[in-house]
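Single-letter residue listing:
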Amino acid sequence: MVEWKATTCPYCGTGCGLLACVKEGRVVKVKGNKNSPVNQGRLCRLGSTAHKALYKGRVLYPQIREDTSKPFRQVSWDEALEFVANKFKSVVEERGADATAFYASGQLLTEELYLLNKLVKGAIGTNNIDANSRLCMASAALGYKTSTGEDGAPGCYEDIEHADCFLIAGSNAAECHPVIFRRILERKKQNPKAKILVVDPRKTPTAKAADIHLQITPGTDVALFNAMLHVIVTEKLADEKFIKSHTEGFEEVKRVAEKYTPEIASTITGVDASLIREAARIYADAKASLSLWAMGLNQSSSGVAKNNCIINLALATGNIGKPGAAPFSLTGQCNAMGLREAGALSHLLPGYRSVASSQHRKEMEKIWGLEEGKISPSPGLTAVEIFQAAERGEIKALYICATNPAVSLPDSNRVENALRRVELAVVQDAYFNETSRFAHVLLPAAQWTEKEGTMTSSERRVSYLPKIAEPVGKAKPDWEIFQLFAQKLGYSKLFNYTNPEEIFEEYKVATRGRQCDLSGMSYSRLRSCSLQWPCPEPGHQGMRRLYTDLNFPTGSSRAVFHAHEYREPEENTSQSFPFILVTGRIAGHWHTLTRTGKIPALNTQRPFAEMNPEDALLLGIEGGEAVELASSRGRAAAKAVLTSTVPRGVVFMPFHWGGPAFNNTLQPICSPVLPSTGHLKNLSTKCAL
Ligand SMILES: Nc1nc2c(c(=O)[nH]1)N[C@H]1C(S)=C(S)[C@@H](COP(=O)(O)OP(=O)(O)OC[C@H]3O[C@@H](n4cnc5c(=O)[nH]c(N)nc54)[C@H](O)[C@@H]3O)O[C@H]1N2
Ligand SMILES: Nc1nc2c(c(=O)[nH]1)N[C@H]1C(S)=C(S)[C@@H](COP(=O)(O)OP(=O)(O)OC[C@H]3O[C@@H](n4cnc5c(=O)[nH]c(N)nc54)[C@H](O)[C@@H]3O)O[C@H]1N2
Ligand code: SF4
Ligand SMILES: [Mo]
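Residues numbered from 1 in each chain as written. Chains lettered and ligands numbered in written order. Predicted model: local features only at pLDDT ≥ 70, side-chain atom pairs only at ≥ 80, totals over all residues. Heavy atoms only, no water.

## Observations concerning the overall build of the chain
Here comes step 1: Broken down by element type, the chain carries 23 helices and 28 strands.
Here comes step 2: Against the 2.2 N^0.38 benchmark of 26 Å for 689 residues, the chain shows a C-alpha radius of gyration of 24 Å, consistent with a compact globule.
Here comes step 3: Dimensions of the chain along its principal axes, counting C-alpha atoms only, are 70 × 65 × 55 Å.
Here comes step 4: Counting the 689 residues in the chain, one finds 64% classified as buried.
Here comes step 5: Surface exposure of the chain reaches about 24400 Å², of which carbon and sulfur atoms provide 49%.
Here comes step 6: Computing the positive centroid from 81 side-chain charges and the negative centroid from 71, the chain places the two 4 Å apart. (Helix = DSSP H or I, 4+ residues; strand = E, 2+ residues; numbered from the N terminus. Rg over C-alpha atoms; globule rule 2.2 N^0.38 Å. Buried < 20%, exposed > 50% of the residue type's maximum accessible area, 1.4 Å probe, protein only. Areas by Shrake-Rupley, 256 points an atom, 1.4 Å probe, with all protein chains shown as cover. Lys, Arg positive; Asp, Glu negative; His and termini not counted. Charge placed at Lys NZ, Arg CZ, Asp CG, Glu CD.)

## A closer look at the confidence of the model for the chain
Here comes step 1: Confidence in the prediction of the chain, expressed as mean pLDDT, is 94, and 96% of residues score 70 or more.
Here comes step 2: For residues 660-689, every residue scores under 50 in pLDDT, and the model assigns this stretch 131 contacts once sequence neighbours within four places are set aside. (pLDDT = per-residue confidence, 0-100. Contact = heavy atoms within 4.5 Å.)

## Digging into the sheet that holds strand β8 (residues 165-169)
Here comes step 1: Taken together, five strands build an open sheet; the order of strands is β10-β9-β8-β12-β13 and the sheet is parallel. Strands with a single pairing partner mark the edges of an open sheet, and in this sheet they are β10 (212-214) and β13 (326-329). When strand polarity is set aside, the average angle formed by the axes of neighbouring strands in this sheet is 15°.
Here comes step 2: Inspection of the sheet shows strand β12 (residues 289-293) paired to β13 by four bridges, in the parallel sense. Bridged to L290 within β13 is A326.
Here comes step 3: Contacts from helix α4 (residues 138-148) reach β12 and β13, with the element oriented near 155° to β13. (Pairing = 2+ DSSP bridges. Axes fitted to C-alpha atoms, helices over the stretch in contact; angles between N-to-C directions.)

## Quick look at the pattern of salt bridges
Here comes step 1: In the structure shown here, the tally under the stated rule is 44 salt bridges.
Here comes step 2: In this structure, E150 engages R514 in a salt bridge whose closest nitrogen and oxygen atoms are separated by 4.0 Å. Separated by 364 residues along the polypeptide, E150 in the loop between α4 and β8 and R514 in the loop between α21 (500-511) and α22 (523-528) bring together distant segments of the chain.
Here comes step 3: Using a relative accessible area of 10% as the deciding quantity, one classes E150 as buried.
Here comes step 4: Exposure remark for R514: the relative accessible area of 18% places this residue in the buried category.
Here comes step 5: With a closest N to O distance of 3.5 Å, R648 and E614 form a salt bridge. You can see R648 sitting in the loop between β26 (635-642) and β27 (650-654) and its partner E614 sitting in helix α23 (residues 613-619), a full 34 residues away along the chain. (Salt bridge = Lys/Arg side-chain N within 4 Å of Asp/Glu carboxyl O.)

## A look at the site of ligand 3
Here comes step 1: Neighbouring ligand 3 are C9, Y11, C12, T14, G15, C16, L43, C44, L46, G47, P178 and V179.
Here comes step 2: Elements with a minimum of two residues in the shell around ligand 3: α1 (45-48) and α6 (178-190). (Near = heavy atom within 4 Å.)

## Looking at the nonpolar core
Here comes step 1: Membership of the largest hydrophobic core comes to 171 residues, with the highest contact counts inside it found for F88, F166, M228, Y399 and F485.
Here comes step 2: The element that contributes the greatest number of residues to this core is helix α8 (residues 221-234), accounting for nine residues.
Here comes step 3: Once you skip the residues sitting within four places of it in the chain, F485 turns out to touch L81, V84, A85, F88, F102, L119 and Y399.
Here comes step 4: Listed in part, the 24 residues of the second largest apolar core include V59, A389, V415 and A425. (Core = buried A, V, L, I, M, F, W, Y, C linked by side-chain atoms within 4.5 Å.)

## Regarding helix α20 (residues 478-488)
Here comes step 1: Within the span of α20, buried status applies to D478, W479, I481, F482, Q483, F485 and A486.
Here comes step 2: G490 occupies a position one or two residues after α20 and carries a positive phi of about 100°.

## Examining the environment of C401
Here comes step 1: By secondary structure assignment, the location of C401 is in strand β16 (residues 397-401).
Here comes step 2: Exposure remark for C401: the relative accessible area of 1% places this residue in the buried category.
Here comes step 3: With 296 residues separating them along the chain, C401 and S105 place their C-alpha atoms 7.0 Å apart.
Here comes step 4: Non-local contacts of C401, meaning those with residues more than four positions away in its chain, are made with Y103, A104, S105, L108, Q428, D478 and F482.

## Side note on the sheet that holds strand β19 (residues 453-456)
Here comes step 1: The strand order across the open sheet formed by three strands is β19-β20-β21, and the pairing between neighbours is antiparallel. Looking along the sheet, the strands with just one partner apiece sit at the ends: β19 and β21 (531-532).
Here comes step 2: Two elements, β19 and strand β20 (residues 461-465), share four bridges in a ladder whose sense is antiparallel. The residue bridging T454 from the neighbouring strand is Y464, located in β20.

## So, a positive patch on the surface
Here comes step 1: Together, K23, K29, K31 and K34 line one region of the surface with positive charge.
Here comes step 2: Turning to its location among the elements, K23 is positioned in strand β2 (residues 17-23). (Patch = residues over 30% accessible without salt bridge, like charges linked within 9 Å, V, L, I, M, F, W, Y side chains within 5 Å.)

## Notes on the packing of α8 against helix α14 (residues 303-316)
Here comes step 1: The N-to-C vectors of α8 and α14 enclose an angle of 15°; their axes lie 9 Å apart at closest approach. Classified by the angle between their axes, α8 and α14 sit roughly parallel to one another. The element α8 and its partner α14 pack so that their crossing is left-handed. Residue-level contacts link D221, V222, F225, N226, M228, L229 and I232 of α8 to A305, K306, C309, I310, N312, L313 and A316 of α14.
Here comes step 2: For the contact of α8 with α14, the class distribution of residues is 10 nonpolar, two polar and two charged. (Parallel < 35°, antiparallel > 145°, perpendicular 65-115°, else oblique. Left-handed = near helix turned anticlockwise from the far one by under 90°. Nonpolar A, V, L, I, M, F, W, Y, C, P; charged D, E, K, R; others polar.)

## Digging into the pairing of β26
Here comes step 1: Of the pairings in the sheet, the one linking strand β24 (residues 608-611) to β26 comprises four bridges and is parallel in character. Residue pairing for β26: E610 is matched across the bridge by V641.
Here comes step 2: The pairing of strand β25 (residues 626-630) with β26 spans five bridges and is antiparallel. When the sheet's bridge partners are listed, E628 is paired in β26 with A637.

## Observations regarding helix α17 (residues 383-391)
Here comes step 1: Along α17, the residues classified as buried are A383, V384, I386, F387, A389 and A390.
Here comes step 2: Tucked into the core, α17 has its buried residues touching β6 (100-104), β7 (129-131), β16, α18 (405-408) and α19 (412-421).
Here comes step 3: At the exit of α17 stands G393, carrying a positive phi of roughly 90°.

## Quick notes on unusual backbone geometry
Here comes step 1: The residue after W533, namely P534, is reached through a cis peptide bond having omega 0°.
Here comes step 2: As for its placement among the helices and strands, P534 is situated in the loop between β21 and β22 (559-560).
Here comes step 3: The phi dihedral of A402 is positive, around 60°, even though this residue is not glycine.
Here comes step 4: Here A402 is to be found in the loop between β16 and α18.
Here comes step 5: At L550, a residue that is not glycine, the phi angle is positive and equals roughly 55°.
Here comes step 6: Take L550: it is sitting in the loop between β21 and β22.

Next comes the structure, spelled out in structure tokens:
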């Protein structure tokens, strides 16, 4: 029998609805769900092939090896988890809970992230749990928190149909959020007066569709945004009434912006002063301006400053809390938002609570049924710090779930050192990935379609994903694995859920009265339609937009301007490393290739590095030739692609092929060139060709 079941795409944070065709317990086809308010039936290349890697190269059984030079042996779940729990118990006993760490991702479901967080912070007693969102959305989360009072995008996708100006900065939405980008292009088609401004060092497919492309030198966005504000102030384009009634801190921002004339900003950013003026006028004059951004702003040594500055522009022009107008950070992974809401980062607790707040800790101790004072008040280690501590020998047991740090964390040689140094590395994944090569224990995870739970998209939309297919081999849903592990550790009283719905119900209590209030949601409601938070009551339809009453959760009820001077990126080019390496994504691949690398229709390219033909000429490099890129941290080989979409002095390389590939369908390449902690893109990797 064949059945079509509604679910949500497992890749990006857009959250497109799709229909999966299930035959004999397996997903055999997918198509866009026309009833989805997000994508109205559309899917991008990733979504439309989402079923194609489901049954290829999966980890089927729990496996163990005491020594990573030896092969794995297949064991029962009981034996695997006993092994893991015994080691964790002995590490905690001998060295304390802080000698253990957990590294997760925004590709897990909210229930799973909530449960893992409870296990680590509530039961084991360390805050050493972080996630790949640290490499992705952390600057956006803090940008929102400091500017608007709380995390969470104020707008919704429907704003696209109301906006007259799109300021797209550091986002290649055409390739990375294609369904959203299609909606923007359609808006422009219907309303030719709508303008698209793109801020990107490369002439990406997104930039090619722009009315104005502000082709900045990587890392210089703060100077550009300050100069746009300068124009807005000097040409009296600001919304004085909004600023006066609903914001604070404008005087200081104005004082800083005064110095950033378009001419001065032009010398920093490389963008013509006249283009900066024109862009500022278009942004400020539009009836409604929507700013959209992603990794070009977030992954930077001044990531929060860039976020604050793009939000400053929205506040100065009153572009918040009304249709078509919002500062809108595009989220990366399907459940990057759920991860932030469930607080699965080392400084957070569920419901956007903070580890540092004694009130918040008390609230969570009550919800979790713990004695007061159980949750540690000190923030745990962040993603990069976990691996640095492991490299120093301070982390003895490391549990990695749904992420592939051997490829995706900066400075992969050091990540390898860290993985080799720990006494126990557990990898809980659907596939065997590069990180698995360093594991002592492999725990096979059920993945998308094989388990149930919820995710939140960029526009705060919570969707329910049903279990529609059987897990492969002995794979189990992540929540169940966490619970079995917790029980082996002796926490059966805290972890005795019979299904994800029970976890969701408990999690809801943790969101009550908080910004991300899900109290009005339930599985039965979500089964018939997705809902945007806050949704505080069962009859509530969910909030399309935040701050429509212009009341911001900052304490003073006012949104806050933050002044930032332009600071040079932490690393700059030099004579020996004259090029800036920009890393990013392409339309046909997802991150570290564990899924898209197994789909022949997508896996058509080899590692490549794009460079400007003039640079290539000077170096005697021809198109198609193999080149080696070197930084102070490592080397990588790739095919040279000569293109003027990349400006002189910049090299672009997708990070998809960053792993020493062992997948048969890929040519092995050497270690990736990755920049140092925290800033993955901007001038941070020096590279000599
Ligand atoms: N096809 C596909 N889609 C994806 C993903 C994927 O792997 N593949 N991953 C998802 C995830 S997790 C994420 S986080 C998003 C990422 O989505 P995006 O951020 O849109 O993708 P990137 O290619 O990483 O980088 C964005 C752009 O930033 C530019 N840039 C680099 N430095 C700077 C700078 O200093 N300033 C400015 N203004 N721009 C700069 C780059 O040239 C690049 O075009 O995509 C999501 N969608
Ligand atoms: N140089 C460079 N590095 C980067 C970036 C960059 O732009 N440049 N971007 C950064 C960003 S924004 C991100 S988000 C990260 C992404 O980096 P990663 O998180 O490492 O990327 P993925 O390949 O998506 O890894 C997800 C893993 O989860 C597994 N998986 C899928 N579904 C499930 C499931 O249901 N359960 C379990 N247990 N496992 C599952 C997949 O097989 C895969 O191994 O990379 C970061 N690193
Ligand atoms: S845009 Fe994102 S959510 Fe939509 S189909 Fe593509 S990958 Fe999936
Ligand atoms: Mo991301």
